[in-house]
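A closer look at the structure
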Amino acid sequence: MIIRRTFLVACILLFTHLNGIAQKNWREITSVEEVCDYYPEMVKNMLNQFDLDHQGLEKVKAASSSGQPVDACKYLLEYYKHGNTAQGLRKAVPPRTTKTDAEADSILNNVFIIQNVRGQVGYGADGHRDWYYKGPNNDREWAWLSNRHSQLDKVFLTYLETGNPKYAAYIDLFLRDFILKSMPYPAAKGSESIWRVLVVAARAKVWTRIFYGLINSEYLSPSTQLLMLSSLPDHA
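Notes on the structure in this doc start here. (Residues numbered from 1 in each chain as written. Predicted model: local features only at pLDDT ≥ 70, side-chain atom pairs only at ≥ 80, totals over all residues. Heavy atoms only, no water.)

**What to know about the overall build of the chain**
Each helix and strand in the chain was counted, giving 11 helices and 2 strands. Listed N to C, the secondary structure of the chain is α-α-α-α-α-α-β-β-α-α-α-α-α in terms of helices and strands. Within the chain, the fraction of its 236 residues that count as buried is 42%. Taking the intrachain contacts of the chain between residues at least 6 apart in sequence as the baseline, contacts between residues at least 24 apart amount to 66%. Accessible area for the chain stands at about 12,800 Å²; split by element, carbon and sulfur atoms hold 54% of it. (Helix = DSSP H or I, 4+ residues; strand = E, 2+ residues; numbered from the N terminus. Buried < 20%, exposed > 50% of the residue type's maximum accessible area, 1.4 Å probe, protein only. Contact = heavy atoms within 4.5 Å. Areas by Shrake-Rupley, 256 points an atom, 1.4 Å probe, with all protein chains shown as cover.)

Below you can see the structure in the form of structure tokens.
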């Protein structure tokens, strides 16, 4: 009877855990632990793409080799945060203010001006933006240029200039939205809205500036940092 009861309790706890994972909204995935729970294969593939024999990654390698992906990911983020790479891209955290910028505020409403054409990107039923939106004129070049993420660069610069956290928070959610929605990488860059070669190259430059520029900011969540690291190799 005791064994049966214990088994029943264990099953209930497991069901509760799995049900919690299934119901978690992607917007709420902000921690290393949650990324590892929801996207274990992505995390595994990401860690496999690193040269873990590189100096400074010893803890990452040890944790990964011993089947501790959460620890491995945390050590990886520490490596980037405290490392000496890309010193010119690392920015001091600006003093917090409530200053705003009209152009950036339009972007926060997902209104993007591409080649002087204004379009507002809508949301799908899953809460993700429609990254294939081609603007009001159904122009595929509008989508290509939009997905270079120059508008995000504008928001990034505005955050550095104003210190208003709403701009950094937008960047965090924008990137998490885009990366999760655009998975999996199609394995070959094509001509569609997201993975066109020139689009990918331009986007990678913007992301790199943001990754290092906000590496000390509390507003770029650990989950988004990991997602960026997992996706940037696909942009190579």
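The structure having been displayed, the exposition proceeds.
**A few points about unusual backbone geometry**
At Q115, a residue that is not glycine, the phi angle is positive and equals roughly 50°. Notably, N138 is not glycine yet its phi reads approximately 50°, a positive angle.

**Focus on the packing of aromatic side chains**
Within this structure, the stated rule accounts for 13 aromatic pairs. Ring geometry for W131 and F178: centres 5.1 Å apart, planes at 80°, overall edge-to-face. With W131 in the loop between β2 (117-120) and α7 (140-146) and F178 in helix α9 (residues 165-182), this pair connects stretches of sequence that are 47 residues apart. Across the pair, exposure class does not vary: W131 and F178 are buried alike. (Phe/Tyr/Trp six-rings, centres within 6.5 Å; stacked < 30°, edge-to-face > 60°.)

**Here's the deal with empty space enclosed by the protein**
By the definition in use, this model includes 1 cavity of 30 Å³ or more. Taken together, V121, D130, W131, Y132, Y133, W142, S146 and N147 form the lining of the largest cavity. For the lining of the largest cavity, a count of residues per class yields 5 nonpolar, 2 polar and 1 charged. (1 Å grid on protein atoms, 1.4 Å probe; cavity = no way out; pocket = protein on both sides within 12 Å on 5 of 7 lines; lining within 4 Å. Points joined across faces, edges and corners; volume = space filled by probe spheres on them. Nonpolar A, V, L, I, M, F, W, Y, C, P; charged D, E, K, R; others polar.)

**With respect to the environment of K181**
If you trace the backbone, K181 turns up in helix α9. Look at K181 and you get partly exposed, because its relative accessible area is 39%. Distance in space between the C-alpha atoms of K181 and H128 is 6.8 Å, their sequence separation being 53 residues. Setting aside residues up to four positions removed in sequence, K181 forms contacts with D126, H128, R129 and W131.

**With respect to the packing of α9 against helix α11 (residues 222-231)**
Where α9 contacts α11, the two axes come as close as 9 Å, and the packing angle between them is 45°. Of the possible angle classes, the one that applies to α9 and α11 is oblique. As α9 packs across α11, the resulting crossing turns out to be left-handed. Packed against α9, whose contacting residues are D172, L175, R176, I179 and L180, the element α11 presents S223, T224, L227, M228 and S231 at the interface. (Axes fitted to C-alpha atoms, helices over the stretch in contact; angles between N-to-C directions. Parallel < 35°, antiparallel > 145°, perpendicular 65-115°, else oblique. Left-handed = near helix turned anticlockwise from the far one by under 90°.)

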